[in-house]
Amino acid sequence: MQIFYLVPTRQSVGLTSIALGLVRALQHQGFRVGFTKPVAEDQLTNEHSAHFAREICLIEAPDPIPISQADERLTAGLESELLEEIVGLCMRAAEGNDVLVAEGMHTDAIYPFTPRLNAEIARSLKAEIVLVASAKQGNVLDEISHMAQRMSKVGCHIAGAIINKAPPSFEVEVTREALGDITLWGVVPYDASLLAPRTLDIARHLNARVLAEGEIATRRVLETVITARSAAEMIHRLTPGALIMVAGDRDDVMLATALAASNGVQLAGLILTHGSEIDPRVRKLAAHAFSGGLPILSVATDSFATATRIDHLPGAVPTDDIARMNTVLDAVADQLWASVLTDSVRMPASIQMSPPAFRYRLIQTARMANQRIVLPEGDEPRTIRAAVICTEKEIARCVLLGKRAVIEAVAAAQGVVLPPTLEIIDPDDIREQYVEPLVEMRRSKGLTPAQARDQLQDTVVLGTMMLAMDTVDGLVSGAVHTTASTVRPALQLIKTEPGSSIVSSVFFMLMPDQVLVYGDCAINPDPTAAELAEIALQSAASARAFGIEPKVAMISYSTGSSGTGADVEKVRQATELARTKAPDLAIDGPLQYDAASVREVGQQKAPGSKVAGEATVFVFPDLNTGNTTYKAVQRSANVISLGPMLQGLNKPVNDLSRGALVDDIVFTIALTAIQARARGA
């Protein structure tokens, strides 16, 4: 067991964000990571560390010891008992893990013993110190060197340092050289957007009356705009993330704000000062705009006092703002250097493919693939955001199909900046070049040029033709289209790959401690035994392609020879057919789900099976069973599912759920890019 104890060089370095970001980075590397905050300096704010470790990193972090209790024991001369309790707490947090990340304490004028207690805890745990510094203020090199000397003098080993809040001008290589023997683990740039509170947080802080809730829990405040001038003079400030502050008699500003909201600008909200409300006549005229998601608040104070209070909003992420903390942890993890972490951590004998490791490797593999992926739903808001993320992180070279003006307007309304390298293609500019090829492909169906032009009005058909003609490497659709609308053009124009007679799908189920593959849960209603065998082989190949050792369980309501009936017999025949085609594949069936997934049940119901109790690929007998099971597991166990990823097509086309989140689309694009690279290899 290796323990890293994070010590800040001073106050306000972003210690919790760095500590949990380090947890995420280590999880990305495949390590089993524990987390603890041994002593909480403030029962209200520092409890956040354990809370977010549980909610986001899925770690059973123990509750910390309040610093007031630590103070009482030290005052009473019970330091040994305190350290014994702290060590016990940390050992419980470390149990079953490869690495433990422990968050230390800041220097505190009220509790001056914190630096010495940090050192005692680190020595008691035989932990390695990771110093956390901020480059936003002061001399970061001096701070790191001073703290390193201080900790080394009392017998602590310095494993490295992490620098947070670095300005754009920060010189990384110069700093690495200047630190000498202290290994720099990463430099996290300062990003003001990571500090953006929700409008809900502002309302709570101001104790405001909520006149219209709107999207108060999801809109974020990037700036506060005090409207002292006329509406015409402040129109340029009506931008996404702006919180508009106005007196109750400024009807002109309220109407301008309503007009911006009705045009799709994602304003953070409208605050009325002096306890005022919107005039009923204005509210009636702008009813549609005011009911479209714009939060409206009222406060008793004037503009100056209100703005001052907003400036003093605590910087800690609220415990219910999981989305913001997730973004913060991703930002930190992305800036920690994987090679340095790997060199710093003693590798365990084997690393299980955990969900964080799977997601991380998925993105890294997609980056290396460098594929061009067309997104036919180019003006759909979630798709635009996903394309921007994929472009900025170099996950894929995305192509948005749609009118540039429309896409830019949708992006602007969301506060999204389109990178110059994000490709946008107007369907009208390229449609004609695919008419003749489409007619040729569908000649046997009697397709005429006029009919081809009509079909190519559908951007999914147009995108599929781009894929068929090798203009792009893959296609992702389905945010607003049905599965049939996405899959049908692919079957007609892309067709199945050599050796496949069926198209099927898999979901990657990100269980708490491993990744499972479920197939087929989206395409084939009632496959025959031969088709089921092919689905099994396709699913096993997909698992292997994404780093999961395939152990295939053919699921049924009966295990082995214990049951009879046509449904069981179909699964039994499919298992034998798959074994014949792939004799080296670990496959068994029929197996009940519990016999396939639980070791004890598998040993009892299917003794001697190489799959029972250890299955990683679950093949369901029909769509009814597969779709119901994946959704039940996803919703009941709060499991993330990636997919469906289509299998068996000659080129990669993937369908989205119409309820897909932005992250779902990003990961589906990554899956598609990896599939494209595998076919081109």
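Rules used throughout
Residues numbered from 1 in each chain as written. Predicted model: local features only at pLDDT ≥ 70, side-chain atom pairs only at ≥ 80, totals over all residues. Heavy atoms only, no water. UniProt positions renumbered as here; feature names shortened; annotations may be inferred. Helix = DSSP H or I, 4+ residues; strand = E, 2+ residues; numbered from the N terminus. Rg over C-alpha atoms; globule rule 2.2 N^0.38 Å. Buried < 20%, exposed > 50% of the residue type's maximum accessible area, 1.4 Å probe, protein only. Domains from an automatic or database assignment. 1 Å grid on protein atoms, 1.4 Å probe; cavity = no way out; pocket = protein on both sides within 12 Å on 5 of 7 lines; lining within 4 Å. Points joined across faces, edges and corners; volume = space filled by probe spheres on them. Nonpolar A, V, L, I, M, F, W, Y, C, P; charged D, E, K, R; others polar. Expected span 1.5 Å × (residues − 1). Arc of directions from axis to C-beta. Contact = heavy atoms within 4.5 Å. Pairing = 2+ DSSP bridges. Axes fitted to C-alpha atoms, helices over the stretch in contact; angles between N-to-C directions. Parallel < 35°, antiparallel > 145°, perpendicular 65-115°, else oblique.

With an unreviewed UniProt entry as reference, the protein chain is termed Phosphate acetyltransferase, source organism Candidatus Competibacter denitrificans Run_A_D11. Of the comments in the UniProt record for the protein chain, the one headed Pathway (unreviewed entry) reads "Metabolic intermediate biosynthesis; acetyl-CoA biosynthesis; acetyl-CoA from acetate: step 2/2." Listed under Function (unreviewed entry) in UniProt, the entry text for the protein chain is "Involved in acetate metabolism."

K.L.:
What should I look at first to understand the overall build of the protein chain in this one?
P.N.:
Within the protein chain, the secondary structure is distributed over 29 helices and 24 strands. For a compact globule of 681 residues, the expected C-alpha radius of gyration is about 26 Å, and the protein chain comes in at 29 Å, within 12% of that figure. Expressed along its principal axes, the backbone C-alpha trace of the protein chain runs to roughly 80 × 70 × 50 Å. Looking at the protein chain as a whole, 55% of its 681 residues are labelled buried.

K.L.:
Just to check I follow, could you spell out the domain arrangement of the protein chain for this structure?
P.N.:
When the parts of a complex come together, some accessible area is lost, and that lost area is often taken as the interface size. Domain annotation of the protein chain identifies domain 1 (2-195 + 327-334), domain 2 (199-314), domain 3 (370-495 + 649-680) and domain 4 (502-648). For domain 1 versus domain 3, the distance between C-alpha centres works out to 45 Å.

K.L.:
It is not clear to me how the environment of methionine 465 should be interpreted in this structure. Could you clarify?
P.N.:
Relative to the assigned elements, methionine 465 resides in helix 22 (residues 459-468). The sequence separation of methionine 465 and aspartate 429 amounts to 36 residues, and the corresponding C-alpha distance is 14 Å.

K.L.:
Before we go on, may I ask you to explain the layout of surface pockets in this structure?
P.N.:
Taking a probe equal in size to a water molecule and rolling it over the atoms shows the remaining empty space. Taken as a whole, the second largest pocket holds about 990 Å³ of empty space. Surrounding the second largest pocket, 37 residues form its lining, Gly14, Leu15, Lys165, Gly315 and Ala316 being those nearest its centre. Of all elements in the fold, only helix 1 (15-28), helix 2 (47-55), strand 7 (157-166), strand 8 (184-189) and helix 14 (322-335) reach the threshold of two or more residues within the lining of the second largest pocket. Tallied by class, residues from the lining of the second largest pocket come to 15 nonpolar, 13 polar and nine charged.

K.L.:
What is the right way to read helix 23 (residues 483-494) from this model?
P.N.:
Along an α-helix, residues three or four apart share an orientation, since each turn contains 3.6 residues. Along its twelve residues, helix 23 runs 16 Å from first to last C-alpha, staying within 8% of the 16 Å computed at 1.5 Å per residue. Buried within helix 23 we find Thr486, Val487, Pro489, Ala490, Leu493 and Ile494. On an axial view of helix 23, the arc spanned by its buried residues comes to 160°, and they lie on one face. Contacts from the buried residues of helix 23 go to helix 20 (435-441), helix 22, strand 17 (474-477), strand 23 (640-647) and strand 24 (653-655). Looking one or two residues past helix 23, lysine 495 carries a phi angle of roughly 65°, positive in sign.

K.L.:
I tried to follow empty space enclosed by the protein on my own but got confused; where do I start?
P.N.:
Applying the stated criterion to the full structure yields one cavity of 30 Å³ or more. In this model, the largest cavity occupies a volume close to 50 Å³. What lines the largest cavity is simply Val7, Pro8, Met105, His106, Thr107, Thr114, Pro115, Asn118, Met147 and Met151. Only strand 1 (2-8), helix 5 (114-125) and helix 6 (140-153) provide two or more residues apiece to the lining of the largest cavity. At three residues, the largest contribution of residues to the lining of the largest cavity is made by helix 5.

K.L.:
Just to check I follow, could you spell out the pairing of strand 15 (residues 397-401) for this structure?
P.N.:
In regular strands, side chains alternate between the two faces of the sheet. Burial within strand 15 is extensive, with four of its five residues counted as buried. Sheet topology places strand 15 next to strand 16 (residues 423-425); three bridges connect them, and they run parallel. Bridged to valine 399 within strand 16 is glutamate 423.

K.L.:
Just to check I follow, could you spell out helix 5 for this structure?
P.N.:
The end-to-end C-alpha distance of helix 5 is 16 Å, a good match for the 16 Å that twelve residues give at a rise of 1.5 Å each. Here helix 5 has its buried residues at Thr114, Pro115, Leu117, Asn118, Ala119, Glu120, Ile121, Ala122 and Leu125. The elements touched by buried residues of helix 5 are strand 1, strand 3 (39-40), helix 3 (67-75), helix 4 (79-94), strand 6 (128-134) and helix 6. Note on helix 5: the residue one or two positions beyond its end, lysine 126, has a positive phi of about 55°.

K.L.:
Looking at this structure, I do not really get unusual backbone geometry. What am I missing?
P.N.:
Excluding glycine, most residues fall at negative phi; most peptide bonds, likewise, are trans. Cis peptide bonds are those with omega within 30 degrees of zero, and the linkage from glycine 519 to aspartate 520 qualifies with -15°. Of note, aspartate 520 is situated in the loop between strand 19 (515-519) and helix 24 (529-545). The phi torsion at lysine 165 lies on the positive side, around 55°, for a residue other than glycine. Among the structural elements, lysine 165 can be located in strand 7. For lysine 165, a relative accessible area of 22% gives the class partly exposed. Positive phi is not limited to glycine here, since aspartate 470 has a value of about 65°. Within the secondary structure layout, aspartate 470 lies in the loop between helix 22 and strand 17. Relative accessible area serves as the criterion here: at 56%, aspartate 470 is assigned to the exposed category.

K.L.:
Explanation requested: the packing of helix 17 (residues 381-392) against helix 18 (residues 404-414) in the structure shown.
P.N.:
Helix packing for two helices is described by the angle between their axes and how far apart those axes are. Where helix 17 meets helix 18, the closest approach of the two axes is 10 Å, and the angle between their N-to-C directions is 85°. Judged by the angle between their axes, helix 17 and helix 18 are roughly perpendicular. Of the residues in helix 18, those touching helix 17 at Pro381, Ile384 and Arg385 are Ile407, Val410, Ala411 and Gln414. Counted by class, the contact of helix 17 with helix 18 contains five nonpolar, one polar and one charged residues.

K.L.:
Just checking my understanding: could you explain the UniProt feature "domain: DRTGG" (unreviewed entry) in the protein chain for this structure?
P.N.:
This chain's UniProt record puts "domain: DRTGG" (unreviewed entry) on residues 201-312. For residues 201-312, helix accounts for 37% and strand for 20%, while the C-alpha atoms at its two ends are 12 Å apart.

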